[in-house]
Amino acid sequence: MMPRLFFLLFAISFASALSAQFNDNAGGRSTSMAGAYVALNDGWSVFHNQAGLASVQTFDAGMYYENRFGLSALSDKGLFVAARLGRGVFAGSYHSFGY
């Protein structure tokens, strides 16, 4: 009973860290669209709308950095790579908030 409870608490505590999406604007384009990022159908879709990656035709990559209020503790940074491989698209991303 105790190992199951420990595993359940462990899984719940890291559920947000393992999510595929986050509720923050990634890059200048989604920020300028006032957070309407689900309408984007390009490589930036890797952050918010993975179905939009289907429109990537060749190779797409990007990176962003935002320093909020001049504090490095509130910095937001990320990068992505997306490439069409045959009939599918391979994509990877990195996002970090804070230092």
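One can find the structure itself at the top, above this paragraph.
What counts and what doesn't
- Residues numbered from 1 in each chain as written.
- Predicted model: local features only at pLDDT ≥ 70, side-chain atom pairs only at ≥ 80, totals over all residues.
- Heavy atoms only, no water.
- Helix = DSSP H or I, 4+ residues; strand = E, 2+ residues; numbered from the N terminus.
- Buried < 20%, exposed > 50% of the residue type's maximum accessible area, 1.4 Å probe, protein only.
- Contact = heavy atoms within 4.5 Å.
- Core = buried A, V, L, I, M, F, W, Y, C linked by side-chain atoms within 4.5 Å.
- Pairing = 2+ DSSP bridges.
- Axes fitted to C-alpha atoms, helices over the stretch in contact; angles between N-to-C directions.
- Polar contact = N/O pair within 3.5 Å; in protein donor to acceptor, adjacent residues only side chain to side chain.
- Phe/Tyr/Trp six-rings, centres within 6.5 Å; stacked < 30°, edge-to-face > 60°.

*Asks:* How do you make sense of the overall build of the chain when you look at a structure like this?
*Replies:* Along the chain, the regular secondary structure elements total 3 helices and 3 strands. The order of helices and strands in the chain, counted from the N terminus, is α-α-α-β-β-β. Within the chain, the fraction of its 99 residues that count as buried is 28%. Contacts spanning at least 24 positions in sequence make up 35% of the contacts within the chain whose residues lie at least 6 apart.

*Asks:* What is the right way to look at the environment of Gly88 in this model?
*Replies:* Tracing the backbone through its elements, the reader meets Gly88 in strand S3 (residues 88-97). Taking the relative accessible area as the measure of exposure, Gly88 reaches 31% and is therefore partly exposed.

*Asks:* Would you explain the nonpolar core in this entry?
*Replies:* Listed in full, the 11 residues of the largest apolar core are Ala26, Tyr37, Leu40, Trp44, Val46, Phe47, Leu53, Val56, Tyr64, Phe80 and Ala82. Contributing elements (two or more residues each) for this core: helix H3 (45-48) and strand S2 (75-85).

*Asks:* What's the story with the sheet that holds strand S1 (residues 59-67) in this structure? I'm lost.
*Replies:* Paired through backbone hydrogen bonds, the strands of a sheet run either parallel or antiparallel to each other. One open sheet accounts for 3 strands, arranged S1-S2-S3; its pairing is antiparallel. The open sheet terminates on both sides in strands that have one partner only, identified here as S1 and S3. For this sheet the average axis-to-axis angle between neighbouring strands, irrespective of direction, equals 5 degrees. Here S1 runs beside S2; their pairing, made up of 9 bridges, is antiparallel. Bridging across to S2, Asn67 finds its partner in Ser75.

*Asks:* Quick question: what am I supposed to make of unusual backbone geometry here?
*Replies:* Backbone phi values are negative for most residues with the exception of glycine, while trans is the configuration of most peptide bonds. With a phi close to 60 degrees, Phe69 is a non-glycine residue in the positive phi region. Note on placement: Phe69 falls in the loop between S1 and S2. Look at Phe69 and you get exposed, because its relative accessible area is 76%.

*Asks:* Any chance you could explain the side chain of Ser75 here in plain terms?
*Replies:* In this structure, Ser75 sits in strand S2. Here the side chain of Ser75 touches Lys77 through a polar contact of 3.1 Å, side chain to side chain. Polar contacts involving the side chain of Ser75 include one to the main-chain carbonyl oxygen of Gly98, which spans 2.7 Å. Aside from chain neighbours lying at most four places away, what touches Ser75 is Tyr65, Glu66, Asn67, Ser96, Phe97, Gly98 and Tyr99.

*Asks:* Whenever I open this one, the packing of aromatic side chains confuses me. Can you help?
*Replies:* Aromatic ring pairs are defined here through the distance separating the ring centres and the angle between the ring planes. Within this structure, the stated rule accounts for 5 aromatic pairs. Between the aromatic rings of Phe47 and Tyr64, the centroid separation amounts to 6.1 Å while the plane-to-plane angle is 80 degrees, which identifies the pairing as edge-to-face. Taken together, the residues Phe47 in helix H3 and Tyr64 in strand S1 connect sequence positions 17 residues apart. Each member of the pair, Phe47 as well as Tyr64, carries the same accessibility label: buried. A network of ring pairs unites the aromatic residues Trp44, Phe47, Tyr64 and Phe80 as a single cluster.

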